[in-house]
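# Notes for the structure review
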Amino acid sequence: MPEKSADLLLENNDLGLIGRNRKKRPEPFMLKALQKTFQLVGRISPSLAGRLAYKLWLTPTRFKTPISEQMALNSAVIESHRINDKDITTFTWQPTIAGDTPTVLLVHGWSGRG
């Protein structure tokens, strides 16, 4: 049986993930638009481009709350506490089984949701 060259193996790669025949995913429109915007703004005002990038990086993306999460939120007692000049929101649920000891779960929010 003749040996296959490395080039032929790369060309026949079933997954198309390595080698010269890597299949390139199409870039989403929003990503292309952001790239072009930052190229243009960066040429005109690099400091403005930097401030925009900083704001974009630190602004969480908001998503619609899934039904399963909405049901949990609706059953919670939600309170806001002022601690060191910061508003801290707490969610409290009643124990589901009589005699349960309280459980504390600390969760960092992600994309605007805890």
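Let us look at the structure shown here. What you see is a predicted model; the values in this text were computed from it and never measured.

## Observations concerning the overall build of the protein chain
When its secondary structure is counted, the protein chain shows 4 helices and 2 strands. Across the 114 residues that make up the protein chain, the buried fraction comes to 4%. Taking the intrachain contacts of the protein chain between residues at least 6 apart in sequence as the baseline, contacts between residues at least 24 apart amount to 21%.

## Overview of the pattern of salt bridges
What the rule picks out here adds up to 1 salt bridge. Between Arg82 and Asp87 there is a salt bridge, with its nearest N and O atoms 3.1 Å apart. Asp87 gets classed as exposed once you look at its relative accessible area, which sits at 53%.

## Structural notes on a nonpolar patch on the surface
Where nonpolar side chains cluster on the molecular surface, the patch consists of Met30, Leu34 and Leu56 and spans about 280 Å² of accessible area. You can see Met30 is positioned in helix H2 (residues 29-44). Residue Met30 is classed as exposed on the basis of its relative accessible area of 55%.

## Points about the packing of H2 against helix H3 (residues 46-58)
Helix-helix packing: each pair is described by the crossing angle between the helix axes and the interaxial distance. H3 packs onto H2 with a crossing angle of 145 degrees between their chain directions and a minimal axis gap of 6 Å. In this structure, H2 contributes Leu34, Phe38, Val41, Gly42 and Ile44 to the contact, and H3 contributes Pro46, Leu48, Ala49, Leu52, Ala53 and Leu56.

## Description of the environment of Leu56
Within the fold, Leu56 resides in helix H3. Leu56 sits in the partly exposed class, given a relative accessible area of 46%. Once residues lying within four places of it in the same chain are set aside, the contact partners of Leu56 are Leu34 and Phe38.

## Overview of the packing of aromatic side chains
According to the stated counting rule, one finds 1 aromatic pair in the structure shown. Taken together, a centroid distance of 6.2 Å and an interplanar angle of 15 degrees make the contact between Phe91 and Trp93 stacked.

## Let's talk about the environment of Ser80
Residue position: Ser80 is located in strand E1 (residues 77-83). With a relative accessible area of 52%, Ser80 lands in the exposed category. The spacing of Ser80 and Thr90 is 10 residues in sequence and 6.3 Å in space, taken between C-alpha atoms. For Ser80, the residues in contact, after removing those within four places along its chain, are Asp87, Ile88 and Thr89.

## A closer look at the pairing of E1
Direction of pairing for E1 relative to strand E2 (residues 86-92): antiparallel, over a ladder of 7 bridges. Bridge assignment links His81 to a residue of E2, and that residue is Ile88. Here E1 hands over to E2 after 2 residues, with Asn84 in that stretch at a positive phi of 50 degrees.

Criteria and thresholds
Residues numbered from 1 in each chain as written. Predicted model: local features only at pLDDT ≥ 70, side-chain atom pairs only at ≥ 80, totals over all residues. Heavy atoms only, no water. Helix = DSSP H or I, 4+ residues; strand = E, 2+ residues; numbered from the N terminus. Buried < 20%, exposed > 50% of the residue type's maximum accessible area, 1.4 Å probe, protein only. Contact = heavy atoms within 4.5 Å. Salt bridge = Lys/Arg side-chain N within 4 Å of Asp/Glu carboxyl O. Patch = residues over 30% accessible without salt bridge, like charges linked within 9 Å, V, L, I, M, F, W, Y side chains within 5 Å. Areas by Shrake-Rupley, 256 points an atom, 1.4 Å probe, with all protein chains shown as cover. Axes fitted to C-alpha atoms, helices over the stretch in contact; angles between N-to-C directions. Phe/Tyr/Trp six-rings, centres within 6.5 Å; stacked < 30°, edge-to-face > 60°. Pairing = 2+ DSSP bridges.

Read these as geometric descriptors, not functional statements.
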